[in-house]
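Summary of structural features
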Amino acid sequence: EVHLLESGGDLVQPGGSLRLSCAASGFTFNSYAMSWVRQAPGKGLEWVSSISDSGGTTYDAASVEGRFTVSRDNSKNTLFLQMNSLRAEDTAVYYCAKFWGRSAAAGGRVDYWGQGTLVTVSS
Amino acid sequence: DIQMTQSPSSLSASVGDRVTITCRASQGISNYLAWFQQNPGKAPKSLIYAASTLQNGVPSKFSGSGSGTYFTLTISSLQPEDFATYYCQQYNSYPYTFGQGTKLEIK
């Protein structure tokens, strides 16, 4: 059974940094692309970043480009999201999600989601 | 960016009813369209991909159709667990974008 467990969410001041983790189990982690999707309180879903199975290819939303970096450690079955220069509008629950295939290229879809971790950016 | 527009934004229905939610893309996306269900305080759950293919384990009461710019999600014989918020998402091109959601409530 696929299991994705996010961690690292916290209260952080504007301009601060945070690193989210997503521990994966129940599938061959290094054979699948992964993604981060966020949801601001009471709002809809927003795609953030995607990364290929090897980590060699990434895609980022314009709203986070240059501030957030997605990466993965396939030896530890873990996905990361390094978040710098955080803003109030980054406040959200962050979900990691598994792609159905190796490539994160457009046309790839998500099939499983984690339970999310809450990031609050406030002074 | 491709804009996804769902309608209605909210919908009231009774147990046993059949409902349809629509999703329109601002440009053609072939069949690169997914539907997700989200219950309050829970993670989204994948229901349908490629516009009409059910995710493993999803009951056949859910069905999707469409191609290009117009898509629908139909849920038949509504049960209490079906009252949730539903999102469409295009994965034809980056940035991937979601509809604003349709909240399905019990009448």
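Preceding block: the structure.
Residue numbers run consecutively from 1 along every chain, following the written order of its sequence. Here the convention is simple: chains get letters from A, ligands get numbers from 1, in the order in which they are written. Since the coordinates come from a predicted model, pLDDT governs what is reported: local features require at least 70, and pairs of side-chain atoms require 80 or more to be given and counted, while whole-chain, interface and lining totals use all residues. Water and hydrogen atoms play no part in the side-chain values, which are based on all heavy atoms of the structure.

1. Observations concerning the interface of chain B and chain A
Listed as interface residues are 17 residues of chain B and, on the opposing side, 23 residues of chain A. Take the accessible area each of two parts loses on contact, using a 1.4 Å probe, and add the two losses: that sum is the buried area. Sorting the residues of chain B by area buried against chain A places Tyr94, Tyr96 and Phe98 of chain B first, and these three jointly supply 35% of that buried surface. Take a side-chain nitrogen of Lys or Arg and a carboxyl oxygen of Asp or Glu: if they are within 4 Å of each other, that pair is a salt bridge. Scanning the region where chain B abuts chain A turns up 0 salt bridges. Between N or O atoms, a polar contact is any pair within 3.5 Å; within protein, one atom must be a potential hydrogen donor and the other a potential acceptor, and residues adjacent in sequence are included only when both atoms are from side chains. Applying the counting rule to chain B against chain A returns 13 residue pairs in polar contact (both at pLDDT 80 or more). Going through the elements one at a time, strand S4 (33-38) and strand S5 (45-49) of chain B are the ones with two or more residues in the side of chain B that touches chain A. In what follows, residue pairs with any heavy atoms lying within 4.5 Å of each other are defined as contacts. Helix and strand definitions here come from DSSP, where helices need a minimum of 4 consecutive H or I residues and strands a minimum of 2 consecutive E residues; each element is numbered from the N-terminal end.

2. Some remarks on the state of the cysteines
Residues and elements named next belong to chain A. Working definition: a disulfide is two cysteine sulfur atoms within 2.5 Å of each other. Inspection of the entire model under this criterion finds 2 disulfides over all chains. Here Cys22 pairs with Cys96 through a disulfide, and the sulfurs are 1.9 Å apart. Remark: Cys96 occurs in strand S9 (residues 92-99) and Cys22 occurs in strand S3 (residues 18-25); sequence separation between them is 74 residues. The buried label goes to any residue with under 20% of its type's maximum accessible area, the exposed label to any with over 50%, and the partly exposed label to all in between, with areas taken from a 1.4 Å probe on protein chains only. What makes Cys96 buried here is its relative accessible area of 0%.

3. Quick word on the sheet that holds strand S8 (residues 78-83) of chain A
Residues and elements named next belong to chain A. The criterion for strand pairing is that DSSP finds at least two bridges linking the strands in question. Ordered by their spatial adjacency, 4 strands build an open sheet running S1-S3-S8-S7, and the pairing between neighbours is antiparallel. Two strands close off the open sheet at either side, each with one partner strand: strand S1 (3-7) and strand S7 (68-73). Within this sheet the neighbouring strands show an average axis-to-axis angle of 15°, counted without direction. Where S1 and S3 come together, 5 bridges link them in antiparallel fashion. Directly across from His3, in S3, lies its bridge partner Ser25. Think of each axis as a best-fit line through the C-alpha atoms, taken over the contacting stretch in the case of a helix, with angles from 0 to 180 degrees between the N-to-C directions.

4. Focus on the sheet that holds strand S1 (residues 4-7) of chain B
Residues and elements named next belong to chain B. Across the sheet, 4 strands lie side by side as S1-S3-S8-S7; this open sheet has antiparallel pairing. At either margin of the open sheet sits one strand with a lone partner, and together these are S1 and strand S7 (62-67). Averaged over neighbouring strand pairs, the angle between their axes works out to 15° when direction is ignored. The sheet contact formed by S7 and strand S8 (residues 70-75) spans 6 bridges and is antiparallel. Bridge pairing links Gly66 to Phe71 in S8.

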